[in-house]
Amino acid sequence: MNHPGPGSRWSDEQVELFIGNLLRYGVMTAAAVAFAGGVIVLIHHGAATADYRQFAGEPAALKSITGVVAGAARLDGRAVIQLGLLLLIATPIARVAFSLVAFVRQHDRMYTVITGIVLALLLYSLLGPK
Amino acid sequence: MTLLVALGAFGAGMLGALTGLGGGIIIVPLLTLVFGVDIRYAIGASLVSVIATSSGAAAAFVREGYTNIRIGMFLEVATTVGALAGAYIAGLISPNSIAVVFGLVLLYSAYRSTRHREEHRSAGPPDRWAALLRLDGTYPTREGPRAYTVQGVPAGFGLMFIAGILSGLLGIGSGVVKVLAMDQAMHLPFKVSTTTSNFMIGVTAAASAGIYLSRGYIDPGLAFPVMLGVLAGALVGAKVLAGARTQLLRMIFSGIIVVLAIEMLYKGLTGAL
């Protein structure tokens, strides 16, 4: 992988390459974690069918980041899958965060502000008051 | 059920890639109409699959140099605000109303997918906003990089806000509206609008996914097979697309989408969801 070197100003091509890799490895990691969770669920519960006809909402442990992480640490299968899905949601957010760093380093003030607004909106959605 | 859902999602992903509409717009009607899943769970699962396919494809496009990251970044302000608004609206209106809106968007998408896309050659004076925001760019061709200019920035920005609302409300990528904004309003070359739209879809979907997660709409047992199925289907669909008679395929699949649209409208209007 061709990492943008420290100290130098990053070219647009270097940024594009890094963003491409970030997205690819983000999706691959998320899918692998979710897959591991799926295996755990199958081992513990077999192919039990759930009912999705009636909307009940997920339990609190699968609705918050702290709940999902705690459940995944106990190797609860559903929580591990949810952690994978959370990593997937985090992938585009990490991409925007990296773009912000790149625009700062390119001394691009206008796009630093624009990217900062998008990142703030994304973080508000994920972490903000519900 | 899980295996059937994964298979269905595979079909949806393939269909989405072949029609260029994306998997999300097919996965929600499939889950609600065929599997009887509550539309809220269906939207949560769809959003997750939309992020996966968009990010996977964007990884390749960005490296090829077609994606205009500045245009994407700027327009993401409109789509993320829209997506947050859409997710809040979804919490206020009934599932049946969501189904009706979904049916209308499906009908419009089917109509767009059969129409020939017209590539505008940018004429006229350069856009003031495009110059200010440095949106003009180049894209690779066989004869070397070709420059393009950007038109209609305010109109494109407005359409992107609508695309964001639909994405957050319905759990879809809204690729059709995004491409419309960039083809028709901003006059971007096809390759640039297609890849930049795809690049933006992941961020737009992530904006509402956080809210859906905290509302308990994202169920791991449903979202996981859907994500894997759509991702695999989209990969196969892209391969098939490379050597297929796309015009005929598009007509057939547009027919399927019209049927889904009518059923969504019917169920929504009669309160059967």
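Residues numbered from 1 in each chain as written. Chains lettered and ligands numbered in written order. Predicted model: local features only at pLDDT ≥ 70, side-chain atom pairs only at ≥ 80, totals over all residues.

A. Structural context of the overall build of chain B. In terms of regular secondary structure, chain B is built from 11 helices and 2 strands. N-terminal to C-terminal, the α/β element order of chain B is α-α-α-α-α-α-β-β-α-α-α-α-α. Taking 2.2 N^0.38 as the reference for a compact globule, 273 residues should give roughly 19 Å; the C-alpha atoms of chain B span a radius of gyration of 18 Å, in line with that estimate. By its C-alpha atoms, chain B is 50 × 40 × 30 Å across when sized along the principal axes. Here chain B holds 273 residues, and the buried ones make up 60% of them. Relative to all contacts within chain B whose residues are 6 or more apart in sequence, the contacts with residues 24 or more apart total 81%. (Helix = DSSP H or I, 4+ residues; strand = E, 2+ residues; numbered from the N terminus. Rg over C-alpha atoms; globule rule 2.2 N^0.38 Å. Buried ≥ 20, exposed ≤ 12 C-beta atoms within 10 Å, placed from the backbone. Contact = placed C-beta atoms within 7 Å.)

B. Main features of the overall build of chain A. Scanning chain A from terminus to terminus reveals 4 helices and 0 strands. For chain A, the N- to C-terminal ordering of α and β elements is α-α-α-α. Across the 130 residues in chain A, those meeting the buried criterion constitute 38%. Taking the contacts inside chain A whose residues are at least 6 apart along the sequence as the reference set, 57% of them involve residues at least 24 apart.

C. Structural context of the interface of chain B and chain A. Taken together, the contact pairs 45 residues of chain B with 44 residues of chain A. Where the side of chain B that touches chain A is concerned, the elements lending two or more residues are α3 (39–64), α4 (69–92), α9 (190–214) and α10 (220–241) of chain B. Per-element tally for the side of chain B that touches chain A: the top contributor is α3(B), with 11 residues.

D. Structural detail: the confidence of the model for chain A. On average, residues of chain A score 87 in pLDDT, and 88% of them are at 70 or above. Residue range residues 1–5 of chain A is modelled with pLDDT below 50. Its contacts to residues more than four positions away, or to other chains, number 7 contacts. (pLDDT = per-residue confidence, 0-100.)

E. Representation of the packing of helix α4 (residues 109–127) of chain A against α4(B). Axis separation between α4(A) and α4(B) bottoms out at 9 Å; the angle between their running directions is 30°. The pairing of α4(A) with α4(B) is recorded here as roughly parallel in orientation. In terms of crossing hand, the pair formed by α4(A) and α4(B) is left-handed. Seen from α4(A), the contacting residues are Y111(A), I114(A), T115(A), I117(A), V118(A), L121(A), L122(A) and S125(A); seen from α4(B), they are R70(B), M73(B), F74(B), E76(B), V77(B), T80(B), V81(B) and L84(B). (Axes fitted to C-alpha atoms, helices over the stretch in contact; angles between N-to-C directions. Parallel < 35°, antiparallel > 145°, perpendicular 65-115°, else oblique. Left-handed = near helix turned anticlockwise from the far one by under 90°.)

F. Structural detail: the nonpolar core. Core analysis: the biggest nonpolar cluster contains 132 residues, and V48(B) and I51(B) have the highest contact counts within it. No other element matches α3(B), which puts 15 residues into this core. (Core = buried A, V, L, I, M, F, W, Y, C linked by C-beta atoms within 7 Å.)

G. Local environment of α4(B). All names here are of chain B. The end-to-end C-alpha distance of α4 is 34 Å, a good match for the 34 Å that 24 residues give at a rise of 1.5 Å each. Of all the bends in α4, the greatest, near 35°, is centred on E76. Burial analysis of α4 places 17 of its 24 residues in the buried class, the great majority of the element. (Expected span 1.5 Å × (residues − 1). Bend = angle between axes of the 7 residues up to and from the residue.)

H. Inspection of the pairing of strand β2 (residues 144–148) of chain B at higher detail. All names here are of chain B. Counting buried positions along β2 yields 0 of 5 residues, so the element is predominantly exposed. Where strand β1 (residues 137–141) meets β2, 5 bridges bridge the pair, whose relative direction is antiparallel. By the bridge assignment, T138 is partnered in β2 with A147. Linking two consecutive strands that pair antiparallel, namely β1 and β2, is a turn of 2 residues. (Pairing = 2+ DSSP bridges.)

I. Here's a closer look at unusual backbone geometry. In this model, R134(B) sits at a positive phi of 50°, which is unusual for a non-glycine residue. The backbone of H187(B) sits at a positive phi, close to 55°, despite the residue not being glycine.

J. Region of the structure containing the environment of E76(B). Counting through the fold element by element, E76(B) comes out in helix α4. Between the C-alpha atom of E76(B) and that of F199(B), which follows or precedes it by 123 residues, the distance is 9.8 Å. Residues within four places of E76(B) in sequence aside, it is in contact with V118(A), M200(B) and V203(B).

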